[in-house]
Amino acid sequence: MKRKLICLLHLFYFAGLLSQAKIVGLVPVRNEAQMIVPCLKALAMYTDAIVVLDDASEDGTVAAVQALQKECHIERIIEKKVWYRDEPGDRNLLLQAGREIGGTHFIVIDADEMFTANLLKDNFLRNKVLALQSGERLQLTLINLWRSVNQYRYDYSVWSGAGIVIGFCDDGICSYKSGFLHTSRTPSALIGAIKTVVVDDHDFSFLNNCLDKYGYPIIRRFIGGYDGKYDRNNIQLQRYFQDQLNNYQVPLAVAARRVRFDGLFWPSSGHSRIGCYQHDFTAGLMHFQFVNWDNLLSKQAWYRCLEKIRDPKIDVKQINKMYGESKDEKLRRCLTCPQEWFAGYGFFDKTIYEQNSSWQKRQVQAWFKEYGQEFFKDLDIWDVSWNA
């Protein structure tokens, strides 16, 4: 009964949104004076308004945001005067402010993220967001640029097999609830479906034609299409086949054999085996965290230290395991970023992401003085040059 009542409330709420839809971007930030500028300029191309929450920055971030207020339609700037890590609290402040300015649909990203520019075409992403009904969420491919702005991770690792929910249609009652770190992008208790944006889910008949031409009709059972008995579209194997032909540049016969062999084992192979083929890398959300490796190491060390400070009795092995994947490059394979991901962003400057600038490193150094290095000795953080 309670669930039915909630559903009715959602329907009435959504009915009131249809004539006054407004996309609002929600961005939390701390000490990102340079990176926040391209982030907001790009985000403004998809939204009607933006709300920024500054978590007591010390580097001029607020001034940078204020300078963009008119250009990027930044309607609210929330300034915290004292730093305290409270992700669910910060996200609730952002959501509340977004509602106060009339937001009905919300896009939530961080300062080190930006949508691929091809999502601008024909208002593609905006239309997808506006099509969401009350409580529904929108998911894109998370594209991790790796050690360079010019390449991205594309392999069987967790860094290539992830989708990320970037937006939702408000139901008027949801809120964020979680621990102090790693809060989800969208509020808890949303009951709507997650809609996944897929650009490459189109007719793959040219692949089937190639197989037929060279005498491999049986592979169509794995690739998709109809051969008189089987009628299906295995998009993951389609992507795998394209990757073999276009990126590995193997002969068609080799690609076909690999598709047939791997296709037999994929159903029981799990997440890591399929990896990059689970999601559409034609477009998505670009993540710049891994571009400058020194900054990445400092940031991950900061997370480890913060976990230890918040709970001195926590199992250090648990912390190291939780954050260990961030430095795992055993399966690393990178492809060149398509130019269409940046075309249309005339303000884009890749040198911003390549600079050594980590406020996390400075804070960890301050924690060493406050708590002593012995307190952190068992954490996997000593691949950083802390004296530099």
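See the structure printed just above.
Residues numbered from 1 in each chain as written. Predicted model: local features only at pLDDT ≥ 70, side-chain atom pairs only at ≥ 80, totals over all residues. Heavy atoms only, no water.

**Student:** Got a minute to help me understand the overall build of the protein chain in this structure?
**Tutor:** Assigned secondary structure in the protein chain consists of 14 helices and 13 strands. Among the 388 residues that make up the protein chain, the fraction classed as buried is 52%. Across the protein chain, the fraction of contacts at a sequence separation of at least 24, relative to all contacts at a separation of at least 6, is 78%. As displayed, the protein chain has an accessible area near 18500 Å², and 51% of this comes from carbon and sulfur atoms. (Helix = DSSP H or I, 4+ residues; strand = E, 2+ residues; numbered from the N terminus. Buried < 20%, exposed > 50% of the residue type's maximum accessible area, 1.4 Å probe, protein only. Contact = heavy atoms within 4.5 Å. Areas by Shrake-Rupley, 256 points an atom, 1.4 Å probe, with all protein chains shown as cover.)

**Student:** I would appreciate a short explanation of the pattern of salt bridges in the present structure.
**Tutor:** A side chain with one charge may pair with a side chain of the opposite charge, provided their charged atoms come close. Tallied over the full model, the rule gives 21 salt bridges. Residues glutamate 75 and lysine 22 are paired through a salt bridge, measuring 3.2 Å at the closest nitrogen-oxygen approach. Remark: lysine 22 occurs in the loop between helix 1 (2-17) and strand 1 (23-29) and glutamate 75 occurs in strand 3 (residues 74-80); sequence separation between them is 53 residues. The exposure class assigned to glutamate 75 is partly exposed, which follows from its relative accessible area of 37%. Given a relative accessible area of 16%, lysine 22 falls into the buried group. Salt-bridge contacts for aspartate 110 lead to arginine 91; the nearest nitrogen and oxygen are separated by 3.8 Å. In this pair, aspartate 110 is assigned in the loop between strand 4 (105-108) and strand 5 (113-115) and arginine 91 in helix 4 (residues 87-100), connecting sequence segments 19 residues apart. The class for aspartate 110 is partly exposed, based on a relative accessible area of 23%. Its relative accessible area of 8% is what places arginine 91 among the buried residues. Where salt bridges share partners, they join Arg91, Asp110, Glu113 and Arg185 into one cluster. (Salt bridge = Lys/Arg side-chain N within 4 Å of Asp/Glu carboxyl O.)

**Student:** I'm lost on the environment of valine 51 in this one. Help?
**Tutor:** Mapped onto the elements, valine 51 comes out in strand 2 (residues 49-55). According to the relative accessible area criterion, valine 51 is buried, its value standing at 0%. The spatial distance from the C-alpha of valine 51 to the C-alpha of isoleucine 77 is 6.0 Å, given a sequence separation of 26 residues. In this structure valine 51 touches Val24, Gly25, Leu26, Val27, Arg76, Ile78, Leu94, Ala97, Gly98 and Ile101, once residues within four positions along its chain are discounted.

**Student:** Just to check I follow, could you spell out the nonpolar core for this structure?
**Tutor:** Where a protein is soluble and globular, its nonpolar side chains tend to be buried together. Of all hydrophobic cores here, the largest spans 57 residues; its most connected members are Ile36, Leu40, Ile50, Phe115, Leu145, Phe288 and Tyr353. The element best represented in this core is helix 2 (residues 36-43), accounting for 5 residues. With near-sequence residues (within four places) excluded, phenylalanine 115 lies in contact with Leu43, Tyr46, Ile107, Ile109, Leu125, Leu140, Ile166, Gly284, Leu285, Met286, Trp341 and Tyr345. One finds Trp293, Tyr323, Phe368 and Ile381 within the second-largest nonpolar core, a separate group that totals 26 residues. (Core = buried A, V, L, I, M, F, W, Y, C linked by side-chain atoms within 4.5 Å.)

**Student:** Help me out: how do you make sense of the environment of phenylalanine 241 in this one?
**Tutor:** Here phenylalanine 241 shows up in helix 8 (residues 235-246). The exposure class of phenylalanine 241 is buried, given its relative accessible area of 0%. Residues phenylalanine 241 and alanine 255, 14 residues apart in the sequence, show an inter-C-alpha distance of 6.3 Å.

**Student:** Is there a simple way to think about the pairing of strand 4 in this case?
**Tutor:** Looking down a regular strand, the side chains alternate between one sheet face and the other. Judged by which residues are buried, strand 4 turns out to be covered on both faces: His105 and Ile107 on one side and Phe106 and Val108 on the other are all buried. The sheet contact formed by strand 1 and strand 4 spans 4 bridges and is parallel. Bridge pairing in strand 4 links leucine 26 to valine 108. Note: strand 4 against strand 8 (residues 163-169), 3 bridges, orientation antiparallel. Looking across to strand 8, one finds that histidine 105 is bridged to cysteine 169. (Pairing = 2+ DSSP bridges.)

**Student:** Honestly, the side chain of glutamine 139 in this entry has me stumped. Any pointers?
**Tutor:** Here glutamine 139 shows up in strand 6 (residues 137-144). Dropping the residues within four chain positions of it, glutamine 139 is found in contact with Gly163, Ile164, Val165, Ile194, Lys195, Thr196, Val197 and His279.

**Student:** Is there a simple way to think about the environment of tryptophan 146 in this case?
**Tutor:** Counting through the fold element by element, tryptophan 146 comes out in the loop between strand 6 and strand 7 (151-153). A relative accessible area of 0% places tryptophan 146 in the buried class. Leave out the neighbours within four places in its chain, and tryptophan 146 touches Gln151, Tyr152, Arg153, Trp159, Phe290, Trp293, Ser326, Glu329, Arg332 and Cys334. Within polar-contact distance, the side chain of tryptophan 146 engages the side chain of glutamate 329 at 2.7 Å. (Polar contact = N/O pair within 3.5 Å; in protein donor to acceptor, adjacent residues only side chain to side chain.)

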